[in-house]
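A closer look at the structure
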Amino acid sequence: MAELTFACVDAQALPWAAGPTLRFRLRITAPEGVRVHALVLSCQLRIDPRARTYSDAEAPGLDYVFGAPARWATSMQALHFATVGVTVPGFTGTTEFDLMVPCTYDLEPGLGKYLHALAEGTVPMTFLFSGTLFEAPAGGAGVQVGRVPWDREAAYALPVAVWRELMDLYFPDTAWLRLRRDTVDALLRHQARHAVPTADELLTTLLAAQAAAEDDPSKEDGLCPTPR
């Protein structure tokens, strides 16, 4: 079967989608004289956090993912970003197509915490490809069917600015936290009891009260105690 080569040449934040979506522009090149009838691909995207350096400002946010910097040599492992399937129409030579990748800003998984911590630079990504290749033999009839080898991959440096643009399009100046339902119920009761207009203001007040209690234990029974 034909030995295809893959490359990622661009990435953009996709506006107006149902949810946050990155549009990656991928390029596939077939050997000379090979006619690809169709290609059914599975694309796995991974982040290699070891492939870049981190500023002092980024390090505290990475503690939640990899621990203290002294542990990074062993704790920094590849992060799974997404797995997306796509069908590529037939081509000869080289073709390009868009790979739409749904994204999340959930800060519960390590991936969300990692991307949230980055201030600048790029995100080192690897695309791993597998799937089925339908090849039309030169000068012959019918179609040959084969597998895309597991070693097909492409590297890409996703600009952090593109990721932040995507999040700002869908969640401007906000982020998401997953809470248990009973925790949400307790926060809503506490919010109503103390006439706090928003959940953001409630959490800000609770954090400030906790910080004041740590500095001065006599203040731990303040106006906004921990919700029950």
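Residues numbered from 1 in each chain as written. Predicted model: local features only at pLDDT ≥ 70, side-chain atom pairs only at ≥ 80, totals over all residues. Heavy atoms only, no water.

Our next topic: helix 6 (residues 199-215). The end-to-end C-alpha separation of helix 6 is 24 Å, in line with the 24 Å expected for 17 residues at 1.5 Å each. When helix 6 is considered as a whole, its buried residues turn out to be Leu202, Leu206 and Ala213. End-on view of helix 6: buried residues confined to an arc of 30°, all on one side of the axis. Seen from the buried face of helix 6, the exposed residues on the opposite side, beyond 90 degrees, are Asp200, Leu207, Glu214 and Asp215. On its buried side, helix 6 packs onto helix 5 (181-193). (Helix = DSSP H or I, 4+ residues; strand = E, 2+ residues; numbered from the N terminus. Expected span 1.5 Å × (residues − 1). Buried < 20%, exposed > 50% of the residue type's maximum accessible area, 1.4 Å probe, protein only. Arc of directions from axis to C-beta. Contact = heavy atoms within 4.5 Å.)

For the rest of this paragraph, the subject is the state of the cysteines. Inspection of the entire model under this criterion finds zero disulfides. Of all cysteine sulfurs, the one in Cys8 lies closest to Cys43, which takes part in no disulfide; the gap is 10 Å. There is no disulfide at Cys103, and the cysteine sulfur nearest it, in Cys8, is 13 Å away. For Cys103, a relative accessible area of 14% translates into the label buried. (Disulfide = S-S within 2.5 Å.)

Turning next to helix 5. Helix length check: helix 5, at 13 residues, gives a terminal C-alpha distance of 18 Å against a target of 18 Å (1.5 Å per residue), a fit within 8%. Residues Ala186, Leu187, His190 and Gln191 constitute the buried set of helix 5. In an axial view of helix 5, the angular spread of the buried residues amounts to 135°, which keeps them on one side of the axis. Opposite the buried face of helix 5, at more than 90 degrees from it, the exposed residues are Arg181, Ala192 and Arg193. Of the surrounding elements, those touching the buried residues of helix 5 are helix 6.

Another point: the packing of aromatic side chains. Within a pair of aromatic rings, the relevant descriptors are the distance that separates the centres and the angle that separates the planes. One pass over the structure, following the stated rule, counts nine aromatic pairs. Aromatic side chains Phe81 and Trp163 sit 6.2 Å apart centroid to centroid with 75° between the ring planes, which places their arrangement in the edge-to-face category. Pair noted here: Phe81 is in strand 4 (residues 79-92) and Trp163 is in helix 4 (residues 160-170), with a separation of 82 residues, a long-range link. Residue Phe81 shares its accessibility class with Trp163, and that shared class is buried. The interplanar angle of 10° and the centroid separation of 6.3 Å between the aromatic rings of Phe127 and Phe129 together place this pair among those described as stacked. Site record: aromatic cluster; members linked through ring pairs are Phe6, Phe24, Phe127, Phe129 and Tyr156. (Phe/Tyr/Trp six-rings, centres within 6.5 Å; stacked < 30°, edge-to-face > 60°.)

Let us now look at the pattern of salt bridges. In the structure shown here, the tally under the stated rule is seven salt bridges. A salt bridge links Arg27 to Glu96; its shortest N-O distance comes to 2.7 Å. In this pair, Arg27 sits in strand 2 (residues 21-29) while Glu96 sits in strand 5 (residues 94-102), placing the two residues 69 residues apart along the sequence. For Glu96, a relative accessible area of 32% translates into the label partly exposed. Note that Arg52 and Glu58 form a salt bridge whose closest N and O atoms lie 3.0 Å from each other. Just as Arg52 is buried, Glu58 falls in that class too. (Salt bridge = Lys/Arg side-chain N within 4 Å of Asp/Glu carboxyl O.)

Right, let's talk about the environment of Glu120 for a bit. Note that Glu120 resides in the loop between helix 3 (110-117) and strand 6 (122-136). Judged by relative accessible area, which is 53%, Glu120 ranks as exposed. Once the C-alpha coordinates of Glu120 and Ser55 are considered, the two residues, 65 residues apart in sequence, prove to be 9.1 Å apart. For Glu120, the contacting residues outside a window of four places in its chain are Arg52, Glu58 and Val160.

Right, let's talk about the nonpolar core for a bit. In terms of nonpolar packing, the biggest core is built from 58 residues, with Phe24, Leu41, Phe81, Leu99, Tyr114 and Phe127 touching the most fellow members. Element by element, the count of residues in this core is highest for strand 4, at seven residues. (Core = buried A, V, L, I, M, F, W, Y, C linked by side-chain atoms within 4.5 Å.)

Now for a nonpolar patch on the surface. A surface patch of nonpolar side chains, about 360 Å² in accessible area, is lined by Leu177, Leu179, Val184 and Leu188. Residue class for Leu177 comes out exposed when judged on its relative accessible area of 60%. (Patch = residues over 30% accessible without salt bridge, like charges linked within 9 Å, V, L, I, M, F, W, Y side chains within 5 Å. Areas by Shrake-Rupley, 256 points an atom, 1.4 Å probe, with all protein chains shown as cover.)

By themselves these figures say nothing about function.
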